[in-house]
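# Inside the fold
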Amino acid sequence: EDRTKAALGLSGGSGLFWLSEMTTKFKFFLFFLIGFIGFLFSQLISFLAAKGGVFIYKNEKIIPPFLFLALIAFIIFSLLEIKKEAGRSLLISLGLILGGGLSNLFDCLRIGGVADYLDMYFLKMNLADIFILVGVIIFFWLKLANMKKV
């Protein structure tokens, strides 16, 4: 049992999300895992939308080198935040932003722009954009909640 806990990055307690006792390496792993799952899910939905004949708006305003640099900066920022303090909500919010950013970057490299298939009145977006939006909202909500505690 102790070997299993050590392999999962847990020093004690029970359950996978006993975050106060997880190692920083395991928190980093969870961050990248959530991001990768978000990326895969977003790309799957984009693929199904394209195959299903859903009209896709190709947003070519995003410049891939800029998006790549922004994603690298975000990853560095996230790793520093996670190292400082990381609860489950912070890991999820940063992972969602990472997954959405990776998916949009992949679209830029694959088709020369972002495939937006959700038309919401004045917004055209995709699942990756929703992941980014939800992740940013959770992140700022957590930061505001922490400011009120201080």
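Residues numbered from 1 in each chain as written. Predicted model: local features only at pLDDT ≥ 70, side-chain atom pairs only at ≥ 80, totals over all residues. Heavy atoms only, no water.

### Things to note about the packing of helix H2 (residues 24–51) against helix H5 (residues 127–149)
The interhelical angle for the contact between H2 and H5, taken along N-to-C directions, is 145 degrees, at an axis separation of 8 Å. Where H2 abuts H5, its residues Gly38, Phe41, Ser42 and Ile45 lie against Leu127, Ala128 and Phe131. Here the contact of H2 with H5 is built from residues that sort into 5 nonpolar, 2 polar and no charged. (Axes fitted to C-alpha atoms, helices over the stretch in contact; angles between N-to-C directions. Helix = DSSP H or I, 4+ residues; strand = E, 2+ residues; numbered from the N terminus. Contact = heavy atoms within 4.5 Å. Nonpolar A, V, L, I, M, F, W, Y, C, P; charged D, E, K, R; others polar.)

### As for the environment of Asp119
One can find Asp119 in strand S3 (residues 118–120). When the C-alpha atoms of Asp119 and Tyr57 are compared, they prove to be 8.9 Å apart, with 62 residues separating the residues in sequence. Excluding its chain neighbours within four sequence positions, the residues that come into contact with Asp119 are Tyr57 and Lys124.

### Digging into the pattern of salt bridges
With the rule as written, the count across this model stands at 3 salt bridges. Among the salt bridges present, the one from Lys84 reaches Glu81, with a minimum N-O distance of 3.1 Å. Highlighted residues: Lys84 and Glu81, both in helix H3 (residues 64–84), separated by 3 residues, approximately one helical turn. Note that Arg110 and Asp107 form a salt bridge whose closest N and O atoms lie 2.9 Å from each other. Here Arg110 pairs with Asp107, and both are found in helix H4 (residues 88–111), just 3 residues apart, close to one helical turn. Judged by its relative accessible area of 0%, Asp107 falls in the buried class. What emerges from the salt-bridge pattern is a single network uniting Glu81, Lys84 and Lys143. (Salt bridge = Lys/Arg side-chain N within 4 Å of Asp/Glu carboxyl O. Buried < 20%, exposed > 50% of the residue type's maximum accessible area, 1.4 Å probe, protein only.)

### Topic: the packing of aromatic side chains
Overall, the coordinates contain 8 aromatic pairs when judged by the stated rule. Among the aromatic residues, those joined into a cluster by ring pairs are Phe31, Phe32 and Phe74. (Phe/Tyr/Trp six-rings, centres within 6.5 Å; stacked < 30°, edge-to-face > 60°.)

### A word on the confidence of the model for the chain
Summarising the model, the chain shows a mean pLDDT of 80, and 80% of its residues fall at 70 or more. Within the model, the stretch residues 13–17 combines pLDDT values under 50 with 10 contacts to residues more than four positions away or in other chains. (pLDDT = per-residue confidence, 0-100.)

### A word on the nonpolar core
If you look at the biggest cluster of nonpolar residues, it comprises 20 residues, and the most contacted ones within it are Phe31, Phe74, Ile82, Leu90, Leu91, Leu94 and Leu98. If you list the elements that add at least two residues to this core, you get H2, H3, H4 and H5. Among the elements that take part in this core, H4 stands out by supplying 7 residues, more than any other. Excluding anything up to four places from it in sequence, Leu90 contacts Glu81, Glu85, Phe139 and Leu142. Formed by 5 residues, the second largest nonpolar core is a distinct cluster that contains Leu96, Tyr117, Leu127 and Phe131. (Core = buried A, V, L, I, M, F, W, Y, C linked by side-chain atoms within 4.5 Å.)

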